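Below are the chains, spelled out letter by letter.
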Amino acid sequence: MARVYNFSAGPSMLPEPVLRQAAGEMLEYSSSGQSVMEMSHRSREYMDIIEGCEALLREVMGIPENYKVLFLQGGAATQFGMVPLNLLTGSGSADFMVTGQWAKKAAKEAAKLGKANVVASSEDETFSYIPGLDPAKCDPNADYFHICYNNTIYGTRFLAPPEVSVPLVADISSCILSEPMDVSKFALLYAGAQKNLGPAGVTVVIIREDLIGRAPANIPTMMGYKTHADNGSMYNTPPTYSIYIVGLVLQWLKELGGVPAIYERNREKAALLYDFLDQSRLFRGTVRREFRSLMNVPFVTGSEELDKKFVAEAKAAGLVNLKGHRTVGGMRASIYNAMPLEGVRKLVDFMAAFEKENG
Ligand SMILES: *Cc1c(COP(=O)(O)O)cnc(C)c1O
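For clarity, every value in this text was computed on a predicted model and none was experimentally measured.

A.B. asks: Teacher, can you tell me more about the sheet that holds strand β12 (residues 296-300) here?
C.D. replies: To summarise the sheet geometry, strands pair through backbone hydrogen bonds and adopt either a parallel or an antiparallel arrangement. Strands sit in the order β11-β12-β14 across an open sheet of three strands; the sheet is antiparallel. Edge positions in the open sheet fall to β11 (284-285) and β14 (331-334), since each of these has one partner strand only. As judged from the two bridges shared by β11 and β12, these two strands associate in the antiparallel manner. Across the sheet, the residue bridging to Gly285 is Phe299, located in β12. The strands touched by helix α7 (residues 258-279) within the sheet are β11, β12 and β14, with β12 carrying the most contacts at an inclination of about 20°.

A.B. asks: Sorry, what's going on with the packing of helix α8 (residues 304-316) against helix α9 (residues 341-358) here?
C.D. replies: Two measures define how a pair of helices packs: the angle their axes make with one another and the distance between the axes. For the pair α8 and α9, interaxial distance at closest approach is 11 Å and the crossing angle is 135°. In this view, α8 runs oblique relative to α9, as classed from their interaxial angle. Between α8 and α9 lies a crossing of right-handed hand. Contacts between α8 and α9 involve Leu306, Lys309, Phe310, Glu313 and Ala314 on the former and, on the latter, Leu347, Phe350, Met351, Phe354 and Asn358. Looking at the contact of α8 with α9 residue by residue, the classes come out as seven nonpolar, one polar and two charged.

A.B. asks: Help me understand a nonpolar patch on the surface in this model?
C.D. replies: Side chains of Met26, Leu27 and Met37 sit close together on the surface and give an oily, nonpolar patch of about 340 Å² of accessible area. Structurally, the position occupied by Met26 is in the loop between α1 (16-24) and α2 (44-61).

A.B. asks: Where do I start with the pattern of salt bridges in this structure?
C.D. replies: Two side chains bearing opposite charge may form a pair once their charged atoms approach each other closely. Per the counting criterion, the structure on display carries 21 salt bridges. When the shortest N-O distance is used, the salt bridge between Asp48 and Arg44 registers 2.9 Å. Separated by four residues within a single helix, Asp48 and Arg44 lie in helix α2, roughly one turn from each other. A salt bridge links Lys112 to Glu109; its shortest N-O distance comes to 3.0 Å.

A.B. asks: Hey, could you run me through the packing of aromatic side chains in this one?
C.D. replies: For the structure on display, the rule yields 15 aromatic pairs. Measuring from centroid to centroid gives 6.1 Å for Phe299 and Phe310, while their planes differ by 80°, and the two rings are edge-to-face. Linking Phe299 in strand β12 with Phe310 in helix α8, this pair joins segments that are eleven residues apart in sequence. Each member of the pair, Phe299 as well as Phe310, carries the same accessibility label: buried. Chaining the aromatic ring pairs together yields one cluster made of Phe276, Phe283, Phe299, Phe310, Phe350 and Phe354. Above the face of the Tyr129 ring, Arg288 is positioned so that its terminal group lies 4.1 Å from the ring centre.

Quick notes on the rules
Residues numbered from 1 in each chain as written. Predicted model: local features only at pLDDT ≥ 70, side-chain atom pairs only at ≥ 80, totals over all residues. Heavy atoms only, no water. Pairing = 2+ DSSP bridges. Helix = DSSP H or I, 4+ residues; strand = E, 2+ residues; numbered from the N terminus. Contact = heavy atoms within 4.5 Å. Axes fitted to C-alpha atoms, helices over the stretch in contact; angles between N-to-C directions. Parallel < 35°, antiparallel > 145°, perpendicular 65-115°, else oblique. Left-handed = near helix turned anticlockwise from the far one by under 90°. Nonpolar A, V, L, I, M, F, W, Y, C, P; charged D, E, K, R; others polar. Patch = residues over 30% accessible without salt bridge, like charges linked within 9 Å, V, L, I, M, F, W, Y side chains within 5 Å. Areas by Shrake-Rupley, 256 points an atom, 1.4 Å probe, with all protein chains shown as cover. Salt bridge = Lys/Arg side-chain N within 4 Å of Asp/Glu carboxyl O. Phe/Tyr/Trp six-rings, centres within 6.5 Å; stacked < 30°, edge-to-face > 60°. Buried < 20%, exposed > 50% of the residue type's maximum accessible area, 1.4 Å probe, protein only. Lys NZ or Arg CZ within 6 Å of the ring centre and 35° of its normal.

Geometry only, nothing functional implied.
Written out as structure tokens, the structure is:
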């Protein structure tokens, strides 16, 4: 068996000990006589799994008591619509910072249900920076203020949450648990699991309790946060196996030393790659330095032909999925929590060798 280093933006690598444990428990979980996949979601064994997963997430993320944790389906993209369905119900207007494709999609979905007011955008320079915020442009009566904390496609991240006077909502799909985050600064956080948490299929929503129940009565039952909050994410069958794997990932993270430890490691990994890019005469990063993401690192050679050659040769060397997003071109290395330091070292060594041959 030769496992590759997978630099995909998502779904992405999972920690090997997690995969091994899941493999060991595939035919029989604990002494249940069955796989987690086969288990009733209402069985005692499964209740322990989902409750344990929530408790671990609360612990490693430091989620305050007055927040609910929901395990939903439909990916982060469903939240682009579910957030306005539930929250765009007061003034009917929300503020958006458009810092990439995902942030833009969130605004577009909200605009179907009310007013989506774009208060800042970095689209003028291909989303290569996080724009400043002019408080005069913000609506003090907005139902919420939406940001995408880490811009997966472009490789930028907020350095701190913006100071706003209305409920702050953030898409943290590609940075959840990668760095310390003060949950109390946010009203609602959401993340698809397949970048930093586990397999695709489960979406985590962390919502302050006072925001639950603002939805009109006529929205579909499954679209209401209240439905899921009132039923412990068990109104219908939750994505049981994905939640189980998320639990294993959280256990792995906790044993590693939690978010402070992984943050240290993530900074080391990112520094290795960015330091190489900064001294390279062939490769260069594509975003403004101060906003560089710790998770997604886009870079180019300046020649489409060389980019292509690089991606193909890297793949042959076991460094896969380095092709950049189709809207940016070039390369992108996604180095989420589960990417070992060794993987980034191998990538940098490979880039240095490629530069020597092609520079
Ligand atoms: C991947 C991603 C999405 C889309 O997630 P799905 O789970 O595929 O819907 C949305 N936002 C961000 C920031 C992402 O990285």
